[in-house]
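# Residue-level structural notes
The chain contents come next:
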Amino acid sequence: QKVSVEVLDHLEHLALVDFRDWEGVERLQKAIQFADQLQEVNTDGVEPMDSVLEDRCLYLREDDVTEGNCTKELLENAREKVEEYFVAPPGNIPLPKLEERETFLQGS
């Protein structure tokens, strides 16, 4: 099962993983084949679960606010901020442009 250039591009941006070489693409295709086995499981008559603790009661604690109003102190730790938000760093791998990757994948 081939993975399209568009799907690879989308996955790379989501996961910050580089699929530029054949080993990466092959590993992704094997993972998809492995996950596709789930489609073969017959789930007719099986009710969806809302918790993995099906046989036990899930006790929740009270959500009491004990601290707050410390935005200024927290943002002092930020290397970069915009308004009252932390700016996350970009991914740690340089992603190739879509045009560069198309040549690589269409050469197969």
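None of the values given here were measured: they were computed from a predicted structure.

We now examine helix α2 (residues 22–36). In a regular helix each residue adds 1.5 Å, so 15 residues correspond to 21 Å; α2 covers 21 Å between its end C-alpha atoms and thus fits that length. Listing the buried residues of α2 in full gives G24, V25, L28 and Q29. Axial view of α2: buried residues confined to an arc of 135°, hence all on one face. For α2, the exposed residues set more than 90 degrees away from the buried face come down to E23, R27, K30 and F34.

This brings us to the confidence of the model for the protein. Of all residues in the protein, 80% attain a pLDDT of 70 or more, and the chain-wide mean is 79. Averaged pLDDT values for the elements of the protein fall to 58 in helix α4 (residues 98–106) and rise to 89 in helix α3 (residues 71–75).

What counts and what doesn't
- Residues numbered from 1 in each chain as written.
- Predicted model: local features only at pLDDT ≥ 70, side-chain atom pairs only at ≥ 80, totals over all residues.
- Heavy atoms only, no water.
- Helix = DSSP H or I, 4+ residues; strand = E, 2+ residues; numbered from the N terminus.
- Expected span 1.5 Å × (residues − 1).
- Buried < 20%, exposed > 50% of the residue type's maximum accessible area, 1.4 Å probe, protein only.
- Arc of directions from axis to C-beta.
- pLDDT = per-residue confidence, 0-100.

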